[in-house]
Amino acid sequence: PSKQRFIAVWLAVLCLKGLTMHIHGQTWETVDDYQLSASYSHRGSAIAVDASGTVFAVGNSFNPLSGVPNYGVVRRSQDQGVTWQTVDQSAGWDAVTTAAASPAGVVVVAGSAAGTAQDPYFYTWRVRLSPDRGVHWSTVGELAAEYGKAAAACFDSNGAIYVAGLSDSRTLVRRSTDLGV
């Protein structure tokens, strides 16, 4: 048991240091290590890759004093993870929980927007879309609910967007065949 614990701690230290790991013939390496600023924590939540190999990683930056997410962040790499850019950063998100990319380079990210000071438990299901591999972004879907959160997204073979999540304690699946416009 103590030898296994030592190995587990050693592997965790290697991972935290960003070193390449080789376990049972598999190789993993850290290709992006993002933090909005030194005073914010960041949590990744989803990855999507389009047909050209462009990688999108989404997550949330938190204010550690409140623990509440303040920014939804979308990062992009167009060279298999060698370099990364922040391509969308939206204040007022509660959580960015999912991402999907179509073969044509349309990208959708979704989650929820935070409540207001008057009603902190009121969340809005939010969907943002980029028609051009992350160059331009716009909000294309919002659904107000007592507690709403988009949790999964995908494209079908015809380019329709499906987003699933919850709203007022119900599971919802929503679809857009016109890119949400």
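This text follows the structure it describes.
Now for a quick tour of the structure. Every value quoted in this text rests on a predicted model; they were computed, and no experiment measured them. (Residues numbered from 1 in each chain as written. Predicted model: local features only at pLDDT ≥ 70, side-chain atom pairs only at ≥ 80, totals over all residues. Heavy atoms only, no water.)

1. Observations regarding unusual backbone geometry
- Even without a glycine there, the phi angle at Gln80 is positive, about 60 degrees.
- If you trace the backbone, Gln80 turns up in the loop between strand E5 (69–77) and strand E6 (85–91). (Helix = DSSP H or I, 4+ residues; strand = E, 2+ residues; numbered from the N terminus.)

2. Focus on the pattern of salt bridges
- Under the definition given, this model contains 4 salt bridges.
- Where Arg128 meets Asp88, a salt bridge forms, and the shortest distance between an N and an O atom there is 2.8 Å. With Arg128 in strand E9 (residues 123–130) and Asp88 in strand E6, this pair connects stretches of sequence that are 40 residues apart. Each of the two residues, Arg128 as well as Asp88, counts as buried.
- Measuring nitrogen to oxygen at the nearest pair gives 2.8 Å for the salt bridge that ties Arg126 to Glu142. With a gap of 16 residues between them, Arg126 in strand E9 and Glu142 in strand E10 (residues 138–145) connect regions that are remote in the sequence.
- Look at Arg126 and you get buried, because its relative accessible area is 16%.
- Given a relative accessible area of 45%, Glu142 falls into the partly exposed group. (Salt bridge = Lys/Arg side-chain N within 4 Å of Asp/Glu carboxyl O. Buried < 20%, exposed > 50% of the residue type's maximum accessible area, 1.4 Å probe, protein only.)

3. Here's the deal with the nonpolar core
- Ranked by internal contacts, the top residues of the largest apolar core, which has 13 residues, are Val108, Trp125, Val127, Phe155, Ile161 and Val163.
- Elements supplying a minimum of two residues to this core: strand E8 (107–113), E9, strand E11 (148–155) and strand E12 (161–167).
- Look past the residues within four positions of Val163 in its chain and what remains in contact with it is Ala110, Trp125, Val127, Ala150, Ala152, Ala153, Leu172, Val173 and Arg174.
- Ranked by size, the runner-up nonpolar core spans 12 residues in total, among them Ala46, Phe56, Val74 and Ala99. (Core = buried A, V, L, I, M, F, W, Y, C linked by side-chain atoms within 4.5 Å. Contact = heavy atoms within 4.5 Å.)

4. Things to note about the sheet that holds E11
- Taken in spatial order, the 3 strands make up an open sheet running E11-E12-E13, and their pairing is antiparallel. Only two strands of the sheet have a single neighbouring strand rather than two, namely E11 and strand E13 (170–176). When strand polarity is set aside, the average angle formed by the axes of neighbouring strands in this sheet is 20 degrees.
- Alignment of E12 against E13, held across 7 bridges, turns out to be antiparallel. When the bridges of E13 are listed, Ser167 appears paired with Arg170. (Pairing = 2+ DSSP bridges. Axes fitted to C-alpha atoms, helices over the stretch in contact; angles between N-to-C directions.)

5. Re the pairing of E8
- Within E8, 7 of the 7 residues are buried, leaving the element largely enclosed by the surrounding structure.
- Examined bridge by bridge, E8 and E9 share 7 bridges and lie antiparallel to one another. In the strand pairing of E9, Ser112 is matched with Trp125.

6. A short note on the environment of Thr86
- Mapping Thr86 onto the fold places it in strand E6.
- A sequence separation of 52 residues divides Thr86 from Tyr34, and the C-alpha atoms of the two residues are 9.5 Å apart.
- Thr86 has contacts with Tyr34, Val73, Val74 and Arg75, leaving out every residue within four places of it along the chain.
- Within polar-contact distance, the side chain of Thr86 engages the side chain of Arg75 at 2.9 Å. (Polar contact = N/O pair within 3.5 Å; in protein donor to acceptor, adjacent residues only side chain to side chain.)

7. Focus on the side chain of Thr124
- One can find Thr124 in strand E9.
- In this structure Thr124 comes out as buried when scored by relative accessible area, which is 15%.
- Excluding residues within four positions of it along the chain, Thr124 makes contact with Gly111, Ser112, Ala113, Glu142, Leu143, Ala144 and Gly148.

8. Things to note about the environment of Ser138
- Structurally, Ser138 is set in strand E10.
- Sequence separation between Ser138 and Asp88 is 50 residues, and the spatial gap between their C-alpha atoms is 9.6 Å.
- Not counting residues up to four positions away in its chain, the partners in contact with Ser138 are Val127, Arg128 and Leu129.

These figures come from the coordinates and say nothing about function on their own.
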